[in-house]
There are 2 protein chains.
Amino acid sequence: MSEFRPPVDDIGFVLAEHAAIADLARLPGLGEATPEIVAAVLDGAAQLTAQVIAPLNRSGDREGARIENGQVVEAAGFGEAYRQYVEGGWNSVPFAPRHGGQGLPLVLATAVQEMVQTANLAFSLCPLLTQGAIDALSQHADEELQRVYLSKMVSGEWTGTMNLTEPQAGSDLAAVRTRAERDGRQYRISGSKIFITWGDHGMTANVIHLVLARLPDAPPGVKGISLFLVPKFLVNADGSLGERNDVWPVSVEHKLGIHASPTCVMSFGEHGGAIGYLVGRENEGLACMFTMMNHARISVGLQGVAVSERARQQAVAYARQRVQGAAPGAPARVAIVQHPDVRRMLLQMRALTEAARALVYVAMAEQDRIHHHGDAGARAAAAARIALLTPIVKGWCTEMALEVTSLGVQVHGGMGYIEETGAAQHLRDARILPIYEGTNGIQALDLIGRKFLRDGGRALQALVAEMRDVAATLDNGPLADIGSRLEQAIAELESTAAWIAEQADADGVLPATVAYHFLMLAGTVAGGWQLAVAARAAARRLATGGDDEAFCNTKLVTARFYAEQILPRARMHAEVVRAGAEAVMALDEALLA
Amino acid sequence: MSEFRPPVDDIGFVLAEHAAIADLARLPGLGEATPEIVAAVLDGAAQLTAQVIAPLNRSGDREGARIENGQVVEAAGFGEAYRQYVEGGWNSVPFAPRHGGQGLPLVLATAVQEMVQTANLAFSLCPLLTQGAIDALSQHADEELQRVYLSKMVSGEWTGTMNLTEPQAGSDLAAVRTRAERDGRQYRISGSKIFITWGDHGMTANVIHLVLARLPDAPPGVKGISLFLVPKFLVNADGSLGERNDVWPVSVEHKLGIHASPTCVMSFGEHGGAIGYLVGRENEGLACMFTMMNHARISVGLQGVAVSERARQQAVAYARQRVQGAAPGAPARVAIVQHPDVRRMLLQMRALTEAARALVYVAMAEQDRIHHHGDAGARAAAAARIALLTPIVKGWCTEMALEVTSLGVQVHGGMGYIEETGAAQHLRDARILPIYEGTNGIQALDLIGRKFLRDGGRALQALVAEMRDVAATLDNGPLADIGSRLEQAIAELESTAAWIAEQADADGVLPATVAYHFLMLAGTVAGGWQLAVAARAAARRLATGGDDEAFCNTKLVTARFYAEQILPRARMHAEVVRAGAEAVMALDEALLA
């Protein structure tokens, strides 16, 4: 198995050239993000993740998590690694200084998060869920709840969870049945939740659950759901821990991948009712939950980048040391990295991963603008852009991860199928990404319905205009072909979107039917846009004689590969969309069987 | 978990309409394949596979295989299921009556094999390897070896293996190091082999290994490899079993999938040398091995169909019972099969699976013609066709299987990621298919090099002409659109092939660089050709008022879906090919890392 080498070079390039971190650092409140601080954060995160967290990836996969005496026991070494993560201050990077955070840009926290995810996807989910809980509490909880809980969660001393899913309520949260009864100023929660990531563990003294539940007099459906904070241990007035609350892990799922991330069935209130505190207002829980879900969706796209990066590194390392057969023009046996089809696979892995990385960071930079930009118009534009990009990032970057991790297995040949090699783990780990935080089918509906049709296509038009500006600047030398291929792909996106808008009035079923291919069309083009930005920047750096010539040359080839081998998918998705809905809807349910 | 329902209807349709089994039954030696016999074979195989073999699929996955006291212990129940398989005569269906076989067409044996594979992929590999060994012995072994071994292998009383791979010799068999020393009329074999499927087990009294090894005076490379038969137990003159031979399973791999199929490291000759018998002539072992490998490659394509069928059935069953959310136009919560994107996934699974099934059977029918046709020209045409189709079937049908089994997980949502559901097993099982029996990279090189360029494009031209004839007959009513979409895709294949032939003279590296996309282009078009044949037959059946109206209507929708949603990939692959090799070959090895 290969060692993990944090991709600091490419992350640094993406922060500078795609996310324009220097511009972000000029926004009010983000002045801490000096070049020195950025470099120090990247180096420190690289060290921690490579040396402490990455080595637990295979062992965690083998060991998994288990329940003993009513508590989840995490895989060996995870507790110590988490302690180092917290002590290094890594959990608090993006949060507000008033809660103990470091107030650094989200794009920089994204770099830290990516390295943690790449090192160990299962481990990374624990801080990720905590971050979502912090966001929800920061925006919706009252002063008192924030005072008691936030600083310990920001530091990472306590972790957080999201309790949404129930057996009958997966994608459809309207069906939530968990009950909340008023009990003075607090509430008593009872019911069962499933698929709760890091729902329990022994790494921290407390676990803070955010739980969707329904009051006795709540209206039916999603308008009757409230959000509650339910701590594993109650917290005394002085901040010390009090009684064990009535919330328990019941079992841990046996999953295809991310074995070291305990996916728990949680039981609330079997012994009198778990004490909970209302977050936000009664019956407005879903909006609070979406606060954390939107951010989490982009983070899942980032997970796609992370696991792809890990798979790619391992595949390249294997291909460079595995000698097998003669390649065209080579007389003797050579390492398989010399075989053209292996090179094709390695470049495909690289092109998809780097395009997706840039896209995620660009989306996160919008988040920084929403929080810090002084101009309301700029904040609104950022909000519209991130709303549009969220389902694209989540959907496309996770489909991409399946493709890349599967290619990683293929590069290994028969060895890829042997678990000890580690290549298969990345595919197993990646397979959850198109499912959780809203399946990609849900993302596609969100994109085509809420983000495109309901908006009258305005946000997409703005994006298309920006993409076209980039394509237009690639008008000479080796970049011209990238530019013209991107221009064609943008035209496919634009005309397909117009066609959908036209048809949707007459045919209400059509959008849902073509939504998946529309999302993949948008993602493919967006990835091409980002690698065009990358090519432009790399060409500029080469022209001005920087010290990263090899890196920039590789970037140019990667962008060209994407334009030649990935962008042709745009037209394919467009053709599928334009074939319409009839065949999909033609059969009775029984005939589908 | 859903029960397995053998797809007898579609297999019957494919045998009749795609493989033209009635025509095959008129060939010399295949007269036994009357409609009554065909129906009885399908029914019997359906019963055995559904009732006996399929129920062991999940338990076999959980239990796997292990080594105890120098022998592999297979998963519980497998021995009894294998006994019933042998007693029912299922192993002997396609073999020559002179060896105790039933002399039925290979396409009919393919139907049996598909049902066994669909029921339990891991189980099916044991008879599959035996069949390959029988083919090699039938064609290359002398009379004495055939007399002693063949009838017991045809009945299934003894099983067979293929021992090719060594740690340094995977795709590159020239690197084989296992030694064979002459010892009177026999040989002493010593060395180590890896990745030996069903290399040992307790289901039968003997296991017959076919082993590639090198004589002391052999020339280097593939021209110095010989094939030997090495039995686990030596066989006495009277046919009874004698001494234990010096061949032992050393370990069983821990794999991503097909857990119940023991993948062994085998050790030959650690205690004096394993006794082996030469098959064919010295130093001509590779040709003998290719006899079994070509057939095995089509069978691996069939495995892609089989595991896809299993995944599809399970996904449809889940989608019909899982209630979640409201669909467009439906007021209340509905089963997810009503959601358009779920329907899209289910139809995609069906269209790919049925196209691939027809393609495999059409290839197998050529094999029947090679063995039984009275006309030498017809035999030669069949041989040219199957040579061309083999890499397409192996490559495309196995890539298709990854797509379909991954969609099967997706349809299940979060439940698909939980191992108990069983959906993930199909993806894990399928992931070996693009790797073994020659990676798909090797298949792609075989197609573009040996089967296309070296042949001057003749076999491909003949195939294109036949496809075009089919497209031309779909010229009216609802079939016209299928016909014209197929016609466009064929034109992409033809022009891309011509472009490659043109370029290949000047650029020796190009073919290897574009080989994968050329294979996928050919497979996509071939699948469309087969579903066009299916649509034509279904329309004819509907017009003549058969009793399978629902089946034929579904087939028409499936063919239309393929034409609309899968065939657009043809142009995408063509565009990638025509972008050429430069980007793939541009980087130094170090820059790929």
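Treat the numbers as computed from the prediction; the structure is a model and nothing was measured.

**Student:** Account for the overall build of chain A, with residues named and values stated.
**Tutor:** Across its full length, chain A holds 20 helices and 14 strands. Over its C-alpha trace chain A gives a radius of gyration of 24 Å, about what one expects of a compact globule, namely 25 Å for 593 residues. Considering only C-alpha atoms, chain A reaches an extent of 75 × 55 × 55 Å along its principal axes. For chain A, the proportion of contacts with a sequence separation of at least 24, taken over those separated by at least 6, is 76%.

**Student:** Describe the interface of chain B and chain A, with residues and values.
**Tutor:** Of the residues lining the interface, 74 residues belong to chain B; the matching set on chain A comes to 74 residues. Here the element with the most residues in the side of chain B that touches chain A is helix α17 (residues 549-566) of chain B; it accounts for eight residues. Residues belonging to the side of chain B that touches chain A are distributed by class as follows: 38 nonpolar, 19 polar and 17 charged.

**Student:** Tell me about the pairing of strand β11 (residues 263-268) of chain B, and please be specific about residues and values.
**Tutor:** All names here are of chain B. Relative to β11, strand β5 (residues 186-197) is paired through five bridges, and the arrangement is antiparallel. In the strand pairing of β11, isoleucine 196 is matched with cysteine 264. Judged from the five bridges that link them, strand β10 (residues 247-252) and β11 form a sheet pairing that is antiparallel. Bridge pairing in β11 places serine 251 opposite valine 265.

**Student:** Before we move on, can you summarise the pairing of strand β6 (residues 207-213) of chain B with the specific residues and values?
**Tutor:** It is a general feature of regular strands that their side chains alternate between the two faces of the sheet. Residue and element names in this part refer to chain B. Most of β6 sits inside the fold, with seven of its seven residues counted as buried. Side chains Val207, His209, Val211 and Ala213 project from β6 onto one buried face, and the interleaved Ile208, Leu210 and Leu212 project onto a second face that is buried too. Across five bridges, the pairing between strand β3 (residues 159-163) and β6 is parallel. Across the sheet, residue threonine 159 finds its bridge partner in β6, namely valine 207.

**Student:** Describe in detail the domain arrangement of chain A, supporting the description with residues and values.
**Tutor:** For chain A, the assigned domains read domain 1 (8-155), domain 2 (159-284) and domain 3 (447-593). Between the C-alpha centres of domain 1 of chain A and domain 3 of chain A the distance comes to 31 Å.

**Student:** An account of unusual backbone geometry is requested, with residue identities and associated values reported.
**Tutor:** All names here are of chain B. Not every positive phi belongs to a glycine, and tryptophan 198 is a case in point at roughly 50°. Its place among the elements puts tryptophan 198 in the loop between β5 and β6. For tryptophan 198, a count of 27 C-beta atoms within 10 Å corresponds to the buried category. Unusually for a residue other than glycine, isoleucine 258 sits at a positive phi of about 35°. Tracing the sequence through the fold places isoleucine 258 in the loop between β10 and β11. Accessibility expressed as a C-beta count within 10 Å gives 29 for isoleucine 258, which makes it buried.

**Student:** So, helix α14 (residues 458-473) of chain A: which residues are in play, and what are the values?
**Tutor:** Helix length check: α14(A) (16 residues) gives 23 Å between terminal C-alpha atoms against 22 Å at 1.5 Å per residue, within 8%. In the core, the buried residues of α14(A) are packed alongside α11 (376-411), α13 (440-453), α15 (479-506) and α16 (510-543) of chain A.

**Student:** Describe in detail the relation of the copies chain B and chain A, supporting the description with residues and values.
**Tutor:** Screw-axis analysis of chain B against chain A gives a translation of 0.0 Å along the axis, an RMSD of 0.0 Å, and a rotation angle of 180°. Interpreted geometrically, this transformation is the action of a two-fold axis. Of the C-alpha atoms belonging to chain B, the one lying closest to the rotation axis is found on B:Met572, 3.1 Å away. The fraction of interface residues of chain B whose copies in chain A are also interface residues reaches 100%, indicating that both copies meet through the same surface.

**Student:** Tell me about helix α18 (residues 568-579) of chain A, residues and numbers included.
**Tutor:** For α18(A), with 12 residues, the first-to-last C-alpha span of 18 Å sits near the 16 Å given by 1.5 Å per residue. Counted residue by residue, α18(A) has 11 buried out of 12 residues, so it is predominantly covered. A:Pro568, A:Arg569, A:Ala570, A:Arg571, A:Met572, A:His573, A:Ala574, A:Glu575, A:Val576, A:Val577 and A:Ala579 are the residues of α18(A) that are buried. The secondary structure elements touched by the buried residues of α18(A) are α15, α16 and α17 (549-566) of chain A together with α17 and α18 (568-579) of chain B. Following α18(A) by one or two positions, A:Gly580 has its phi on the positive side, about 85°.

**Student:** Describe the packing of helix α1 (residues 8-18) of chain A against helix α10 (residues 340-372) of chain A, and please don't skip the residues or the numbers.
**Tutor:** Helix-helix packing: each pair is described by the crossing angle between the helix axes and the interaxial distance. Residue and element names in this part refer to chain A. Two elements in contact, α1 and α10, have axes whose closest approach is 10 Å; the angle formed by their N-to-C orientations is 50°. Relative to α10, the element α1 is oriented oblique. When the axes of α1 and α10 are compared, the crossing they make is right-handed. Counting all contacts with α1, which are made through Asp10, Val14, Leu15 and His18, the residues of α10 involved are Glu354, Arg357, Ala358, Tyr361 and Val362.

**Student:** Give a detailed account of the environment of A:Thr197, specifying residues and quantitative values.
**Tutor:** Residue and element names in this part refer to chain A. Relative to the helices and strands, threonine 197 is located in strand β5 (residues 186-197). Judged by the 19 C-beta atoms lying within 10 Å of it, threonine 197 is partly exposed. Residues threonine 197 and glutamate 166, spaced 31 residues apart in sequence, show a C-alpha to C-alpha distance of 13 Å. Those residues in contact with threonine 197, other than ones at most four positions away along the chain, are Leu125, Leu129, Thr161, Ser261 and Thr263.

**Student:** Give me the lowdown on the confidence of the model for chain A, citing residues and values where you can.
**Tutor:** Reading fine detail from the predicted coordinates is not recommended where pLDDT is low. Summing up the model confidence of chain A, the mean pLDDT is 95 and the portion of residues at 70 or higher is 99%. For this predicted complex, the interface score ipTM comes out at 0.97, alongside a pTM of 0.97.

**Student:** Break down the environment of B:Leu486 for me, citing the residues and quoting the values.
**Tutor:** Residue and element names in this part refer to chain B. Topologically, leucine 486 is positioned in helix α15 (residues 479-506). Overall, leucine 486 belongs to the buried group, with 27 C-beta atoms counted inside 10 Å. As for leucine 486 and alanine 526, which are separated by 40 residues in sequence, their C-alpha atoms are 9.5 Å apart. Dropping the residues within four chain positions of it, leucine 486 is found in contact with Ala471, Gly528, Trp529, Ala532, Ala563 and Leu567.

**Student:** Give me the packing of helix α7 (residues 121-140) of chain B against helix α8 (residues 143-155) of chain B: which residues, what numbers.
**Tutor:** Residue and element names in this part refer to chain B. In the contact formed by α7 and α8, the axes pass within 10 Å of each other and the chain directions differ by 155°. Taken together, α7 and α8 sit at an angle that is classed as roughly antiparallel. At the point where α7 passes α8, the crossing takes the left-handed sense. Counting all contacts with α7, which are made through Thr130, Ala133, Ile134, Leu137 and Ser138, the residues of α8 involved are Leu145, Gln146, Tyr149, Leu150, Met153 and Val154. Residues belonging to the contact of α7 with α8 are distributed by class as follows: eight nonpolar, three polar and no charged.

**Student:** Describe in detail the environment of A:Ala287, supporting the description with residues and values.
**Tutor:** Assignment of secondary structure puts A:Ala287 in helix α9 (residues 285-321). It is 47 Å that separates the C-alpha atoms of A:Ala287 and A:Leu542, two residues lying 255 residues apart in sequence.

How each quantity is defined
- Residues numbered from 1 in each chain as written.
- Chains lettered and ligands numbered in written order.
- Predicted model: local features only at pLDDT ≥ 70, side-chain atom pairs only at ≥ 80, totals over all residues.
- Helix = DSSP H or I, 4+ residues; strand = E, 2+ residues; numbered from the N terminus.
- Rg over C-alpha atoms; globule rule 2.2 N^0.38 Å.
- Contact = placed C-beta atoms within 7 Å.
- Nonpolar A, V, L, I, M, F, W, Y, C, P; charged D, E, K, R; others polar.
- Pairing = 2+ DSSP bridges.
- Buried ≥ 20, exposed ≤ 12 C-beta atoms within 10 Å, placed from the backbone.
- Domains from an automatic or database assignment.
- Expected span 1.5 Å × (residues − 1).
- Least-squares fit on C-alpha atoms with pLDDT ≥ 70 in both.
- Axes fitted to C-alpha atoms, helices over the stretch in contact; angles between N-to-C directions.
- Parallel < 35°, antiparallel > 145°, perpendicular 65-115°, else oblique.
- Left-handed = near helix turned anticlockwise from the far one by under 90°.
- pLDDT = per-residue confidence, 0-100.

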